[in-house]
Every structure is written in C-alpha cells, then in structure tokens.
Amino acid sequence: MAKVAIVTGSATGMGATCAIDLAERGWNVTINYRQSKREADETYAKVKARGVEAIVVQADVGQDADCRQLAAETLSEWGRIDGLINNAATTKFQKAGELEDVTPEDFDRIFRVNTTGAFMMSRAVFPAMRKQWEESKERGAIVNVSSNAALVGNGSSLPYILSKGALNTLTLMLARWLSPAVRVNTICPGFIQTRWMLNGVGEVEYNKLKEDEEQRTPLRQAGKPEQMSEAALFFLLEASNITGQIIVVDGGDHLGRELTKAD
C-alpha cells in the first residue's frame, strides 16, 4: 500500500517541489493551497504524471477547522496519513530596524499561519498516525519548514523571525509529546529561489539577494527549492532514528562571510 503525505502550501515553490519529489518516490500526496488554485492544479498534474494518486484541498492552515478538514479529506481518500510537511507560511516584508512597519495585527496573522498553523496541522494528523503505530508499528513523520532567520535574527520581518523561532521550539515539544508514534524534525532554509521571494521583495532586490548568496555564502550558491525538498524528504523518508532535530539548509549563510584564506 502506498504511503500518504500532506504538504501544506504546495501549489508553488518548495511545497510543490516536495509534493512532486514524494510522488517520484511512490507516495500519494494531498496538495494544499489557500488562493493559488491554478498553480495547485498544475502541481496536481505533475504529481499524477509520476503514476501515483493525489487530491487537491483548499484550506487555510491558520484555521483549525480547515486543518482538521485537510486531514479528514486525506483519510477519506486513502485511510492513512504517514507524513506531514508543514510548509505553508506567510510574512510581511519590513525594513530592518523600522519598528513602526509592523502592527500587532501583523504578529497575529503571521504567528497564526507559521506557528499555530503547524501545531494545528500536527494535531489534526496525529490521531491517524498514532492509530497506525498502535496497530502496525508504522511510525509517522512530521517535518516543519522554519527559517535560518530564527537563528541569525535577520529576515523578512520581525514577526516572521519570531514565528520561526517559536516553530523551532514547537518542534522540540512535539518530538517529545508525539513520540513514539511520530518523529518530528525541522529544516531551516535560507534564501530560496521562488516566486514567493521574488514577489515579496521585487525583481531588483531579488537579484541582489541572489547574487549576494552566490558570492558571499561558504558554498557560493543561492538555495533552490529542490535542495530544500532534499532535506525535508531526508527527515520524512530516511531519518528513522532521528527526532527533535533542526538542520540549517542555507549554503552556510548562517556562518557569515568566510574568513580570508591564505594563498
């Protein structure tokens, strides 16, 4: 029987790449979107082309009822949930140091999706994963998508940075609370070449950031969705004795500039 994963925010970008990569490994996938129906349908077609089954579910992960419905529709379709990638996220792009650029409402909205949403989705899938563990010792896996912003204190906005720091802590708590039925781990991407980033900062700034990554980071490269999916699927598919871990996937950007090497 094919295994089943839900990937939130999987119409475009990293989420879509994760869904397609899972399909290539034989997993059935629930594709989730909030607004981007056309793109979600395109991802659905790409997933189906890999010879697996898929469904598309519109849901706002910032709403508990939507999270529960997303899990319920997945269970109704396949009767099991083996993996969850909490990829959906939002932000408000803010000038660094400008404290007046964000409001309490921004904090509420960003935390609701980025942190509370990951909790609510994890809670929604846990009963199915626990049942599978109790009946057949098949362990579920949850992967949270955080950000290196939580580690270096620099990112698109103050609420975004804090929400990702809270998500890292949530990972540690859930790894304890959901064990032994579920493994819970997190990846912390840096800059990713996605439409989300391009639309957020604009073409000029996007190209500057990309060039800076390619010239400044220890690995001299700007992250791609495929590289983030590679790390997420490692935790989901392979890391059978790993839980409560947070890995940074940013080409070494969190290390800062390389020291000048002697000739």
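From a predicted model like this one, the values you see are computed outputs, not experimental measurements.

Peer 1: What exactly am I supposed to notice about the nonpolar core here?
Peer 2: Soluble, globular proteins show a tendency: their nonpolar side chains are buried together. Within the largest apolar cluster, 32 residues are counted, with the highest numbers of intra-cluster contacts made by Met 121, Val 125, Ile 142 and Val 182. The element best represented in this core is helix H4 (residues 104-136), accounting for 10 residues. Residues Val 7, Cys 18, Leu 22 and Val 29 belong to the second largest nonpolar core, which totals 31 residues.

Peer 1: Would you mind going over helix H6 (residues 158-177) with me for this structure?
Peer 2: Every α-helix winds through 3.6 residues per turn, so residues three or four apart in the chain are directed the same way. End to end, H6 covers 29 Å across 20 residues, agreeing with the expected 28 Å (1.5 Å per residue, within 8%). Turning to H6, its buried residues are Pro 159, Tyr 160, Ile 161, Ser 163, Lys 164, Leu 167, Asn 168, Leu 170, Thr 171, Leu 174 and Ala 175. Those residues of H6 that are buried are in contact with H4, strand E5 (140-145), helix H5 (149-152), strand E6 (182-189), helix H7 (195-201) and strand E7 (246-249).

Peer 1: Would you mind showing me how to read the pairing of E6 here?
Peer 2: The side chains of a regular strand alternate between both faces of the sheet. Of all the eight residues making up E6, eight are buried; the element is thus mostly covered by neighbouring parts of the structure. Side-chain alternation along E6 places Val 182, Val 184, Thr 186 and Cys 188 on one buried face and Arg 183, Asn 185, Ile 187 and Pro 189 on a second face that is also buried. Sheet topology note: the E5/E6 ladder contains six bridges and is parallel. Bridge assignment links Gly 140 to a residue of E6, and that residue is Val 182. Bridge analysis of E6 against E7 gives four bridges, and the strand direction is parallel. Looking at E7, one finds that Thr 186 is bridged to Ile 246.

Peer 1: Teacher, can you tell me more about the environment of Glu 134 here?
Peer 2: One can find Glu 134 in helix H4. Accessibility expressed as a relative area gives 56% for Glu 134, which makes it exposed. It is 9.9 Å that separates the C-alpha atoms of Glu 134 and Pro 180, two residues lying 46 residues apart in sequence.

Peer 1: Is there a simple way to explain the packing of helix H3 (residues 64-78) against H4 in this structure?
Peer 2: Two measures define how a pair of helices packs: the angle their axes make with one another and the distance between the axes. Two elements in contact, H3 and H4, have axes whose closest approach is 9 Å; the angle formed by their N-to-C orientations is 35 degrees. Two packed elements cross with a definite hand, and for H3 against H4 that hand is right-handed. On H4, the residues touching Asp 64, Cys 67, Arg 68, Leu 70, Ala 71 and Leu 75 of H3 are Arg 112, Gly 117, Met 120, Met 121, Arg 123, Ala 124, Val 125 and Ala 128. Here the contact of H3 with H4 is built from residues that sort into nine nonpolar, one polar and four charged.

Rules used in this analysis
Residues numbered from 1 in each chain as written. Predicted model: local features only at pLDDT ≥ 70, side-chain atom pairs only at ≥ 80, totals over all residues. Heavy atoms only, no water. Core = buried A, V, L, I, M, F, W, Y, C linked by side-chain atoms within 4.5 Å. Buried < 20%, exposed > 50% of the residue type's maximum accessible area, 1.4 Å probe, protein only. Helix = DSSP H or I, 4+ residues; strand = E, 2+ residues; numbered from the N terminus. Expected span 1.5 Å × (residues − 1). Contact = heavy atoms within 4.5 Å. Pairing = 2+ DSSP bridges. Axes fitted to C-alpha atoms, helices over the stretch in contact; angles between N-to-C directions. Left-handed = near helix turned anticlockwise from the far one by under 90°. Nonpolar A, V, L, I, M, F, W, Y, C, P; charged D, E, K, R; others polar.

Limitation: the analysis is restricted to geometry and does not speak to function.
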